[in-house]
Amino acid sequence: MTKAEVITKISEKTGIQKDDVTQTVEAFFRVVKDSMAEGENIYVRGFGSFINKKRAKKIARNISKNTAIVIDEHYVPAFKPSKTFIEKIKNSQSVKELAPQD
């Protein structure tokens, strides 16, 4: 599902104009990005957490040149779903139908 499809679905479910929903969704993403760039984590109860994960400094290999390169410690954005969210997905019949059968 794309962002446009999410906006359409929200608009249909709430009756709010698509333009207003678009502005709200865009503002939400902007707040998430800006807050995480400032080092803040975002916790949405019942949904999950947007967190900055620290990656340690490491030595990697460039196999094409056969050289070692140093990758400094850095942060990467991550999403950790809440237990409620995980349980909803686990118990979803639609997801179970998509799973490969053994």
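Here goes a summary of the coordinates provided. (Residues numbered from 1 in each chain as written. Predicted model: local features only at pLDDT ≥ 70, side-chain atom pairs only at ≥ 80, totals over all residues. Heavy atoms only, no water.)

### What to know about the packing of aromatic side chains
The geometry of two aromatic rings is summed up by the distance between their centres and the angle between their planes.
Consideration 1: The full count for this structure, using the stated rule, is 6 aromatic pairs.
Consideration 2: Between Phe50 and Phe79 the ring centres are 5.1 Å apart and the planes differ by 50 degrees, which places this aromatic pair in the tilted class. Of the two residues, Phe50 is situated in strand 2 (residues 48-55) and Phe79 in strand 5 (residues 74-81); the sequence distance between them amounts to 29 residues.
Consideration 3: The structure contains a cluster of three or more aromatic residues connected by ring pairs, namely Phe28, Phe29, Phe47, Phe50, Phe79 and Phe85. (Phe/Tyr/Trp six-rings, centres within 6.5 Å; stacked < 30°, edge-to-face > 60°. Helix = DSSP H or I, 4+ residues; strand = E, 2+ residues; numbered from the N terminus.)

### Description of the pairing of strand 4 (residues 67-71)
Consideration 1: Summarising the sheet, strand 3 (residues 58-62) and strand 4 pair through 5 bridges and their orientation is antiparallel. Across the sheet, the residue bridging to Lys58 is Ile71, located in strand 4.
Consideration 2: In textbook terms, the turn of a hairpin is the stretch between consecutive antiparallel strands, and for strand 3 and strand 4 this stretch comprises 4 residues, one of which, Asn66, has a positive phi near 55 degrees. (Pairing = 2+ DSSP bridges.)

### Observations regarding the sheet that holds strand 5
Consideration 1: Reading across from one edge, 1-2-5 is the order of the 3 strands in this open sheet, with antiparallel pairing throughout. Strand pairing shows two members of the sheet lacking a second neighbour, strand 1 (42-44) and strand 5, which therefore form its edges. Going across the sheet, the axis of each strand differs from the next one's by a mean of 30 degrees, ignoring polarity.
Consideration 2: With 8 bridges joining them, strand 2 and strand 5 adopt antiparallel strand pairing. Pairing of Ser49 across the sheet is with Lys80, part of strand 5.
Consideration 3: Where helix 2 (residues 18-37) meets the sheet, its contacts fall on strand 1, strand 2 and strand 5, and the angle it forms with strand 2 comes to roughly 30 degrees. (Axes fitted to C-alpha atoms, helices over the stretch in contact; angles between N-to-C directions. Contact = heavy atoms within 4.5 Å.)

### A few points about the environment of Gln23
Consideration 1: You can see Gln23 is positioned in helix 2.
Consideration 2: In sequence terms Gln23 and Ile7 are 16 residues apart; their C-alpha atoms lie 9.7 Å from each other.

### Notes on helix 1 (residues 3-14)
Consideration 1: For helix 1, built from 12 residues, the straight-helix expectation of 16 Å at 1.5 Å per residue is met to within 8% by its first-to-last C-alpha distance of 16 Å.
Consideration 2: Directly after helix 1, the chain includes Gly15, whose backbone phi takes a positive value near 80 degrees. (Expected span 1.5 Å × (residues − 1).)

### As for helix 2
Consideration 1: Compared with an ideal rise of 1.5 Å per residue, which puts 20 residues at 28 Å, helix 2 spans 28 Å between its outermost C-alpha atoms and is within 8% of the ideal.
Consideration 2: Buried within helix 2 we find Val21, Val25, Val32, Ser35 and Met36. The buried residues of helix 2 occupy one face: seen down the axis, they fall within an arc of 105 degrees. Seen from the buried face of helix 2, the exposed residues on the opposite side, beyond 90 degrees, are Asp19, Gln23, Val31, Lys33 and Ala37.
Consideration 3: In this structure, the buried residues of helix 2 make contact with helix 1, strand 1, strand 2 and strand 5. (Buried < 20%, exposed > 50% of the residue type's maximum accessible area, 1.4 Å probe, protein only. Arc of directions from axis to C-beta.)

Treat this as a map of the structure, not an account of what it does.
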